Amino acid sequence: MSTRTFRITVRGAFDNLTDAQRAALLAEAAEHDVLRSAFTPEGTLTYDIAARPAFVFRFSDTGEEEEDILEATERAEAAAQAWLTEHGYGFKNLRSTAEDLSQAPMGKRQRRAARSTGS
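None of these values were measured; they are calculated from a predicted model.

> Can you help me understand the pattern of salt bridges in this one?
Between side chains of opposite charge, pairing is possible as soon as their charged atoms come close. Scanning all chains against the criterion turns up 3 salt bridges. For R4, the salt bridge identified is with D100, shortest N-O distance 2.6 Å. Here R4 is found in strand β1 (residues 4–15), whereas its partner D100 is found in strand β4 (residues 90–100), with 96 residues between them in sequence. With respect to burial, R4 and D100 carry one shared label: buried.

> Got a minute to help me understand the sheet that holds strand β3 (residues 54–63) in this structure?
In a beta sheet, neighbouring strands pair by backbone hydrogen bonds and run either parallel or antiparallel. Pairing is antiparallel across the open sheet formed by 4 strands, whose spatial order is β2-β3-β1-β4. Bordering the open sheet on either side are β2 (44–47) and β4, each of which pairs with just one other strand. Averaged over all pairs of adjacent strands, the angle between strand axes in this sheet comes to 20°, irrespective of strand direction. Inspection of the sheet shows β1 paired to β3 by 10 bridges, in the antiparallel sense. When the sheet's bridge partners are listed, R7 is paired in β3 with S60. Of the strands in this sheet, β1, β2, β3 and β4 touch helix α2 (residues 68–86), which is tilted by about 140° from β3.

> So what exactly am I meant to see when it comes to a positive patch on the surface here?
Among the surface-exposed residues, K108, R109, R112 and R115 lie close enough to one another that they form a single positively charged patch. Structurally, R109 is set in helix α3 (residues 108–118).

> What should I look at first to understand the layout of surface pockets in this one?
Think of a ball as big as a water molecule: rolled over the atoms, this probe shows where empty space is left. Quantified by volume, the largest pocket comes out at close to 320 Å³. Lining the largest pocket are 20 residues, with Y47, D48, R52, A54 and V56 sitting closest to its centre. Taken together, the elements giving at least two residues each to the lining of the largest pocket come down to β1, β2, β3 and β4. Looking at which element gives the most residues to the lining of the largest pocket, the answer is β3, with 4 residues.

Each value, and the rule that gives it
Residues numbered from 1 in each chain as written. Predicted model: local features only at pLDDT ≥ 70, side-chain atom pairs only at ≥ 80, totals over all residues. Heavy atoms only, no water. Salt bridge = Lys/Arg side-chain N within 4 Å of Asp/Glu carboxyl O. Helix = DSSP H or I, 4+ residues; strand = E, 2+ residues; numbered from the N terminus. Buried < 20%, exposed > 50% of the residue type's maximum accessible area, 1.4 Å probe, protein only. Pairing = 2+ DSSP bridges. Axes fitted to C-alpha atoms, helices over the stretch in contact; angles between N-to-C directions. Contact = heavy atoms within 4.5 Å. Patch = residues over 30% accessible without salt bridge, like charges linked within 9 Å, V, L, I, M, F, W, Y side chains within 5 Å. Areas by Shrake-Rupley, 256 points an atom, 1.4 Å probe, with all protein chains shown as cover. Lys, Arg positive; Asp, Glu negative; His and termini not counted. Charge placed at Lys NZ, Arg CZ, Asp CG, Glu CD. 1 Å grid on protein atoms, 1.4 Å probe; cavity = no way out; pocket = protein on both sides within 12 Å on 5 of 7 lines; lining within 4 Å. Points joined across faces, edges and corners; volume = space filled by probe spheres on them.

Encoded structure:
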C-alpha cells in the first residue's frame, strides 16, 4: 500500500481583535506573507491584516487510505484552532478544504515526463 499525501487548507477570519493584537499581527505580517507560504506538517499561517481580517493555514499530512483525508482535515482544523487559541486570537467562519495529491490531475510537465519514461 502506498502513502498518500494530503494538502489541507483551513480558512477563517480573525474576530474581535484588540488594538494590541492587531498591532502584533501587523508587526509579524512579513513572516506570514503569502509568498512565504507552503504546505507543511506543522502548518503555515498567512494573512494580510492591513487589507482584511482573513487568514489561511496550509497543512500537509499523509495517510494510507483515501478515507484518511477526513482525519487529516480534522487534525489540521484542530491545529489551527489550537494555534489561534494559544495566541489569544478570536476567530470565526473556520472552514477547510482538502486535496489528495494522488487524485490530482497531472500537470503538463508530469504528463511529458510520464510519456518519456513510459516509451
